[in-house]
Amino acid sequence: MNVSEVNQNMAIPQRLPANGSDRFNYMVSYLSDCQLQMVLEMDGHVNQQRLLQAMEASTVAEPIIGCRFIKDSVRPYWERRSDLASSGWCSLQLLSESDSEEKAIQEWLSSPMDIDADAMVKVRILRTSARDIICIKLNHLCSDGAGLIEYVHLLASLYSELAKNPRYVPESNPEGRDQSRLFKEMGIPNGGMPQAPEPQGPTLPFTPGEPAIRRQAIRRIPREEWLELAQGFKRKGFTVNDVLLAAYMRALYQQMENVPAEQVKVMVTVNVRKFLPKGKADAIYNLSGVVHATMNQATGTFADQVKEVAEFMKNQRDNKEILHDAVNTFAFVENFEFDHTLKIIQDVRKQILADGKSTPILSNFGMISTSQITFDDVKVAGAYIVSPAYYAPGLMLGVSTYRDCITLNISFFESNTDVGQIEKLLDTMIEEIKSYRE
């Protein structure tokens, strides 16, 4: 059964309302390229036709995946599209023995995504004689990083179900994006004023101009080494996030120019799903909040910095105000005409460029899965997330973990940001993290 048949038989709405977080995510497209990506290293070959069927089925399970965002000047909405079959949203690239897997991955990750015209999801299968590498792009307009993880699990489960029953059609979830209902059930007031934005902090030097040549710097700490390190952090009473944040702040300080240590700030994203009764949302969408961390010392040891960060983050861990702030921000955005909110973010972007300041972001997407993901009988041997590329002076560090291998990533544009500086920043972080042993 194809998507159009499903639309007719299941009466999936042709239009869905754009909630506050959808509008907020579109505003973020003025600050980044809005590409959330995941690389899945398989231990064999998948069936391309069945994977395409699973993608089509995902647009039934989560109708937003089969929509495009319509920028109505007053009240934007999602509209069901009928051209996905001809859009090339699932493609196969054959690699010869002489082709570099890494080069092919980097080329796909660097390729642009048209957030208005392209499908919400695009997949490229990179195939060698021994295995497939599945590269997934998810439009940030419809989801955050946690939603990307949920989507990959959905895709794997649909692929596995279709192996048993090629005519399998999942239940549809068109109502699950009603966040106001979710917040109301939790007793969170919806409609208060959001907090005033934090002043922007200093960031890395940058070259003004149009963003060009997307790049991504990636560092991975393999399983055995990372398990030893993480267990050592835990015995000391520190979380992985404590150590990551301390290393990021210190590495930033070393790369910044003439910035006092106490001015170094990092915005840490928080997956506020952890505050929900089930620990997950009803549907795939954005549900993130932020906390702002400031470094007070740079002359002490890395251990001193970790202790300082851990104390700060301990007070933030169960702070439900993060969720309240997210709710109020989404409601605030939803209550304005869309053109007005776009004008706000355009002014913010102009101010960031004029000031040359943009607080760096740390987003730890967490564990991609607590167990090995399988597409029927094909296992995912390795996986990592590649974060959106922020327009300079914006900067985002993305972190993900799969099967006890941790991956750090910064995506950026070579025309605005020095490649060597980003590489050095990640190398410094890795050195600090690895040095912090018992």
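To keep things clear, this report deals only with the structure shown in the data block. (Residues numbered from 1 in each chain as written. Predicted model: local features only at pLDDT ≥ 70, side-chain atom pairs only at ≥ 80, totals over all residues. Heavy atoms only, no water.)

1. Description of the overall build of the protein chain
Summing up its helical and strand segments, the protein chain has 12 helices and 15 strands in all. A buried classification covers 54% of the 438 residues belonging to the protein chain. Considering only contacts in the protein chain between residues 6 or more positions apart, those separated by 24 or more positions represent 80%. Carbon and sulfur atoms make up 48% of the accessible area of the protein chain, which amounts to about 18800 Å² in all. (Helix = DSSP H or I, 4+ residues; strand = E, 2+ residues; numbered from the N terminus. Buried < 20%, exposed > 50% of the residue type's maximum accessible area, 1.4 Å probe, protein only. Contact = heavy atoms within 4.5 Å. Areas by Shrake-Rupley, 256 points an atom, 1.4 Å probe, with all protein chains shown as cover.)

2. Examining helix α9 (residues 302–316)
Since one α-helical turn is 3.6 residues long, residues separated by three or four positions face the same way. The terminal C-alpha atoms of α9, which comprises 15 residues, lie 21 Å apart, in line with the 21 Å expected from a rise of 1.5 Å per residue. The set of residues buried in α9 consists of F302, Q305, V306, E308, V309, A310, M313 and Q316. (Expected span 1.5 Å × (residues − 1).)

3. A short note on the pattern of salt bridges
The tally for this structure, following the rule as stated, stands at 18 salt bridges. Close ionic contact of R127 with D132 constitutes a salt bridge, the shortest N to O distance being 2.7 Å. Given a relative accessible area of 0%, D132 falls into the buried group. It is possible to trace a salt-bridge network through shared partners that takes in R68, R81 and D83. (Salt bridge = Lys/Arg side-chain N within 4 Å of Asp/Glu carboxyl O.)

4. Some remarks on helix α7 (residues 223–235)
Here α7 is 13 residues long and its end C-alpha atoms lie 18 Å apart, about the 18 Å a rise of 1.5 Å per residue gives. Note on α7: the residue one or two positions beyond its end, G237, has a positive phi of about 90°.

5. Let's talk about the sheet that holds strand β4 (residues 77–80)
The strand order across the open sheet built from 3 strands is β1-β4-β3, with neighbouring strands paired in antiparallel fashion. Edge positions in the sheet fall to β1 (15–17) and β3 (67–70), since each of these pairs with one other strand and no more. Across this sheet, the average inter-strand angle for adjacent strands is 30°, counted without regard to direction. (Pairing = 2+ DSSP bridges. Axes fitted to C-alpha atoms, helices over the stretch in contact; angles between N-to-C directions.)

6. Details of the packing of aromatic side chains
Any aromatic ring pair is given by two values, namely how distant the centres are and how the planes are angled relative to each other. The final tally for this structure, using the stated rule, is 11 aromatic pairs. Taken together, the ring pairs in this structure connect W226, F233, F238, F302 and Y436 into an aromatic cluster. Taking the ring centre of W108 as reference, the NZ or CZ of K137 above it sits at 4.8 Å. One residue, K236, lies across the ring of Y436, its end atom 5.0 Å from the ring centre. (Phe/Tyr/Trp six-rings, centres within 6.5 Å; stacked < 30°, edge-to-face > 60°. Lys NZ or Arg CZ within 6 Å of the ring centre and 35° of its normal.)

7. Overview of the side chain of R127
Note that R127 resides in strand β6 (residues 121–127). If we skip the residues at most four places from it in the chain, R127 touches H45, V46, L92, Q93, L94, L95 and D132.

8. Quick notes on the sheet that holds strand β12 (residues 374–375)
Think of a sheet as strands paired side by side through backbone hydrogen bonds, with each pair either parallel or antiparallel. If you trace the 6 strands from one edge of the open sheet to the other, you get β5-β6-β7-β2-β13-β12, paired in mixed fashion. Of all the strands in the sheet, the pair left with one neighbour each is β5 (90–94) and β12. Sheet strands in contact with helix α3 (residues 48–61) are β5, β6, β7 (132–139) and β12, and its direction is about 155° off that of β5. Each of β2 (35–42), β5, β6, β7 and β13 (378–386) touches helix α4 (residues 101–110); the most contacted strand, β7, lies at about 15° to it.

None of the figures reported here should be taken as evidence of function without further support.
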